[in-house]
Amino acid sequence: MILTNNKDNIGRPDEYKQVCVWPGMRVDETDVHDFQEHFLENGYKVLYLETVSTGPDRDEHGIADPETGGRIDTIFAIHNDDVMRFAIPRLQMGIRWIEDALDNEAARADISIYPDRLTGYRTW
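K.L.:
Is there a simple way to explain the overall build of the protein in this structure?
P.N.:
Helix and strand counts for the protein stand at 4 helices and 4 strands. Element order for the protein, N to C, with α for helix and β for strand: β-α-β-β-α-α-β-α. Relative to its full complement of 124 residues, the protein shows a buried share of 36%. Of the contacts made within the protein by residues no fewer than 6 positions apart, 73% connect residues no fewer than 24 positions apart.

Laid out in structure tokens, this is it:
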């Protein structure tokens, strides 16, 4: 598995602006090609970026819940030409825009379950 502890976000070409989060989806290093091909076969060009492990949930005082965290989420980008066509089908798979995933976390607590650096993937 490509579980990243990056200090920086993975670069991507300009034609892959919209970043997605697939909660609970684990993509092993040997499966990246198949992951991208699966989407291509279904009419969507995607670019795998990384796999991250989530941090723990926190209560209103910022205390971490030791029973949470550690979920593996896959981060990938969708080609600009495919974003509009992908907007509805992604929901059936539980895939979220990075902005929605991060905004939901910000609304729940001051400390996100995602690494702070992922905010650099936002496009809106």
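Read on for the rest.
K.L.:
What should I look at first to understand helix α1 (residues 32-41) in this one?
P.N.:
Helical periodicity: at 3.6 residues per turn, an α-helix aligns residues three or four positions apart in one direction. Looking only at α1, the buried set comprises Val32, Phe35 and Phe39. The arc that holds every buried residue of α1, seen down its axis, measures 65°, which confines them to one face. In α1, the exposed positions that point more than 90 degrees away from the buried face belong to His33 and Glu41. In this fold, the buried residues of α1 make contact with β1 (18-22), β2 (46-53), β3 (72-78), α2 (83-86) and α3 (89-93). Two residues or fewer past α1, glycine 43 is found with a positive phi of approximately 90°.

K.L.:
Help me out: how do you make sense of the sheet that holds β2 in this one?
P.N.:
Strand-to-strand pairing in sheets goes through backbone hydrogen bonds, with the strands running parallel or antiparallel. Judged by pairing direction, the sheet is antiparallel, and its 4 strands sit side by side in the order β2-β3-β1-β4 without closing on themselves. Of all strands in the sheet, those with a lone pairing partner are β2 and β4 (96-97), marking the two edges. Of the pairings in the sheet, the one linking β1 to β3 comprises 5 bridges and is antiparallel in character. Opposite cysteine 20, over in β3, you have phenylalanine 76 as the bridge partner. Against the sheet, α1 makes contact with β1, β2 and β3, and its axis sits at roughly 130° relative to β2, the strand it touches most.

K.L.:
So what exactly am I meant to see when it comes to the pairing of β1 here?
P.N.:
Within a regular beta strand, the side chains point alternately toward one face of the sheet and then the other, so they alternate between its two faces. Here β1 lies mainly inside the structure; 5 of its 5 residues are buried. Note: β1 against β4, 2 bridges, orientation antiparallel. Of the residues in β4, the one forming a bridge with valine 21 is arginine 96.

Rules used in this analysis
As a convention, each chain's residues are numbered from 1 in the sequence order in which they are written. Given that this is a predicted model, residues contribute local features only at a pLDDT of at least 70 and side-chain atom pairs are listed and counted only at 80 or more, while totals for whole chains, interfaces and linings are drawn from all residues. The side-chain numbers reported here are obtained from all heavy atoms of the structure, hydrogens and water having been left aside. A run of DSSP states H or I qualifies as a helix once it reaches four residues; a run of E qualifies as a strand once it reaches two. Both are numbered from the N-terminal end. We call a residue buried when its accessible area falls under 20% of the maximum for its residue type, exposed when it is over 50%, and partly exposed in between, using a 1.4 Å probe and counting protein chains only. Here, two residues are considered to be in contact whenever any of their heavy atoms come within 4.5 Å of each other. Picture the helix axis, draw a direction to every C-beta atom, and the arc is the one those directions span. Strands are labelled as partners when DSSP assigns at least two bridges between them. Here the axes come from fitting lines to C-alpha atoms, over the contacting stretch only for helices, and the angles between their N-to-C directions go from 0 to 180 degrees.

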